[in-house]
Amino acid sequence: MRITFYGGAQEVGRAAVLLDEGPRNVMLDCGIKLGEKTEYPLIHDDELKRIKNITISHAHLDHSGYLPHVYAKRNQPRIFLTKPTRDLMSVLLADYYRIHHGEREQRKLFSSGDVERVLQDARMQEYRETFNSDFKITFHEAGHIMGSAMTMVDNGRKKVLFSGDICMRKTRVLDPCERGLHADVLIVESTYGAKTDILPSYKDSYQKMIKIIRETLDKGGHVIIPSFAVGRAQEVLLALDDYMRSGALPQTRIYIEGMITKAMKIYRHNAIYANDDIKRRILMSEDDPFNSPNFHHPRSKTREDVLKEPCIIVTTSGMLSGGPVLFYLEKLAGDPKNAIVFVGYQAEGTTGSKVIAGERQIRIKDKEIKINCRVERIRLSGHADFNELLQFVKGVKGLKKVFLMHGEKTDLKDALENQYELVVPRLLDTYSI
Ligand SMILES: [Zn+2]
Ligand SMILES: [Zn+2]
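Residues numbered from 1 in each chain as written. Chains lettered and ligands numbered in written order. Predicted model: local features only at pLDDT ≥ 70, side-chain atom pairs only at ≥ 80, totals over all residues. Heavy atoms only, no water.

**A word on the pattern of salt bridges**
Consideration 1: Under the counting rule described, the total for this entry stands at 40 salt bridges.
Consideration 2: When the shortest N-O distance is used, the salt bridge between Arg363 and Glu368 registers 2.6 Å.
Consideration 3: For Glu368, a relative accessible area of 46% puts it in the partly exposed group.
Consideration 4: Several salt bridges converge on common partners, so that one network encompasses Arg172, Asp241, Asp242, Arg245, Arg281 and Asp287. (Salt bridge = Lys/Arg side-chain N within 4 Å of Asp/Glu carboxyl O. Buried < 20%, exposed > 50% of the residue type's maximum accessible area, 1.4 Å probe, protein only.)

Put into structure tokens, the structure is as follows:
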């Protein structure tokens, strides 16, 4: 079997890894890299035509965003994913289509019809149930966002485990990723691949967040929490609601904006994929954590009302590249009473990363915004940190060979090299396994 990295090698974004063996093949993920300009997997159209199967580990666009492009090139490979991944992809791909076609200079690379066909054709698979494509494939829980999956590919002689994005901690909503699987080869994410990438516990992070929110509300200020639509937003919202119920936070309105609302509905519909605490709350009581009375959904007409009294606003986009957060920044960021609390990953070069680095005059979509308010960052990641990645790799049984992808730092290589054959692949390189 051969393995080729069309994206995601020594970078975060555009995950696309091909496993092939003669006429049999499967592409693991099919993502894009979002940044100042969008980057695609480096796969030639002719090669793309050969691909018969694609598995999608989870809905984030860096793992799924290239699918409509594939369909636009008149290829219709079989697509395999979990149900929450399909549902969340419908929101994220529709948004990608909207933004993509809003950009003036973009060529028309795919249509909304291509997005629809991807969603219609996608075949939904359950965790731990093996299905046949060209190979035997099984999804296992990855703990990263709802429906996220690790992908086990078995060609009859070798087992290859593709981690996708993994989280090793139990979160408000999800169980951690499955451990102790058996594989000969592991392709593992390494977002936190530097030895300094050690994350605080969720408890410590949330306590820090609560303190900042309390201090801001006490002063009569507003708290803006910029967030991605899928993943961190649901975790943070359920935590805020819990702290309000327990009295750790004062009763305040929590406003939810942007695609987060749609993603919350999908989380609720797929609650069977949540951890037992959530399922119990929904099944055994009337207490539905996704529809808490503390949550409010302003319409564009009522946005001005949100500004009137102290409150918490959780809104897209997470890296301040656009979305409703822009409106709130314009109105609120100039006032030192208010606070911006970042909770998610900030890619280099994004406005979010600049604000965290101390820039106080920003420009978003032709608007100058002055930041005089408090700026804080809470580390609440949906990824395994450096130590957890080490643990994860060491927990895979029978493992011989490890490919590190989805990361820019490779200290993990040094830490694991004496135990496994370790590869930090380069883009477009092919390896035999
Ligand atoms: Zn992800
Ligand atoms: Zn990712």
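Structure's up, so let's keep going.
**Points about helix α11 (residues 325-332)**
Consideration 1: Among the 8 residues in α11, 6 count as buried, and that is most of the element.
Consideration 2: All buried positions along α11 are accounted for by Val325, Leu326, Phe327, Tyr328, Leu329 and Leu332.
Consideration 3: On the buried face of α11, the contacting elements are β12 (223-226), α10 (303-306), β15 (312-315), β16 (339-342), β17 (361-364) and β18 (367-370). (Helix = DSSP H or I, 4+ residues; strand = E, 2+ residues; numbered from the N terminus. Contact = heavy atoms within 4.5 Å.)

**With respect to unusual backbone geometry**
Consideration 1: Following Thr316, the chain continues into Ser317 via a peptide bond in cis, with omega recorded as 0°.
Consideration 2: Along the chain, Ser317 falls in the loop between β15 and α11.
Consideration 3: Notably, Asp29 is not glycine yet its phi reads approximately 65°, a positive angle.
Consideration 4: Checked against the element boundaries, Asp29 lands in the loop between β3 (24-28) and α1 (45-50).
Consideration 5: In this structure Asp29 comes out as buried when scored by relative accessible area, which is 0%.
Consideration 6: Not every positive phi belongs to a glycine, and Arg128 is a case in point at roughly 65°.
Consideration 7: By secondary structure assignment, the location of Arg128 is in the loop between β6 (123-124) and β7 (131-132).
Consideration 8: For Arg128, a relative accessible area of 49% corresponds to the partly exposed category.

**Focus: the environment of Ser300**
Consideration 1: Relative to the assigned elements, Ser300 resides in the loop between β14 (295-296) and α10.
Consideration 2: Taking the C-alpha atoms as reference points, Ser300 and Pro324, separated by 24 residues in sequence, lie 9.0 Å from one another.

**What to know about the packing of aromatic side chains**
Consideration 1: Evaluation of the coordinates by the stated rule reveals 12 aromatic pairs.
Consideration 2: Ring centres 5.0 Å apart and planes at 85° place the aromatic pair Phe327 and Tyr328 in the edge-to-face group. You'll find Phe327 and Tyr328 in the same group, each marked buried.
Consideration 3: One aromatic cluster in this structure is built from Phe5, Phe403 and Tyr431.
Consideration 4: The cationic tip of Arg169 hangs over the ring face of Tyr202; the distance from NZ or CZ to the ring centre is 5.3 Å.
Consideration 5: Seen from the ring of Phe327, Arg303 lies directly overhead, with NZ or CZ sitting 5.4 Å from the centre. (Phe/Tyr/Trp six-rings, centres within 6.5 Å; stacked < 30°, edge-to-face > 60°. Lys NZ or Arg CZ within 6 Å of the ring centre and 35° of its normal.)

**Structural notes on the environment of Lys108**
Consideration 1: One can find Lys108 in the loop between α4 (83-102) and α5 (112-121).
Consideration 2: Separated by 36 residues in the primary sequence, Lys108 and Ala72 have C-alpha atoms spaced 9.9 Å apart.

**Let's talk about the coordination of the zinc ion (ligand 1)**
Consideration 1: Every protein donor of the zinc ion (ligand 1) is accounted for by His58 (NE2), His60 (ND1), His144 (NE2) and Asp165 (OD), and the metal-donor separations fall at 2.2 to 2.5 Å.
Consideration 2: Considering all 4 donor atoms around the zinc ion (ligand 1), the spread of angles at the metal, 88 to 170°, places the coordination shape in the irregular class.
Consideration 3: The zinc ion (ligand 2) is placed at 3.5 Å from the zinc ion (ligand 1), the two being bridged by Asp165. Placement of His58 in the loop between β4 (53-55) and α2 (61-64) and of His144 in the loop between β8 (136-141) and β9 (149-154) is noted, with a sequence separation of 86 residues between them. For the residue pair His58 and His144, the accessibility class agrees, reading buried in each case. (Donors = N, O, S within 2.8 Å, 3.2 Å for Na, K, Ca; no water. Tetrahedral: all angles 85-135°; square planar, octahedral: opposite > 155°, others 65-115°.)

**Quick notes on the domain arrangement of the protein**
Consideration 1: Splitting the protein by domain gives domain 1 (2-195 + 382-432) and domain 2 (202-377).
Consideration 2: Placing a centre on the C-alpha atoms of domain 1 and another on those of domain 2 gives a separation of 28 Å.
Consideration 3: Contact residues are listed per partner, giving 25 residues for domain 1 and 26 residues for domain 2.
Consideration 4: Interface area for domain 1 against domain 2, summed over the two sides, is near 2500 Å², with a carbon-plus-sulfur share of 60%.
Consideration 5: When residues of domain 1 are sorted by the area they lose upon contact with domain 2, Met146, Arg172 and Val173 head the list and together hold 31% of the total.
Consideration 6: Seen at the junction of domain 1 and domain 2, the total is 2 salt bridges. (Domains from an automatic or database assignment. Buried area = accessible area lost by both parts, 1.4 Å probe.)

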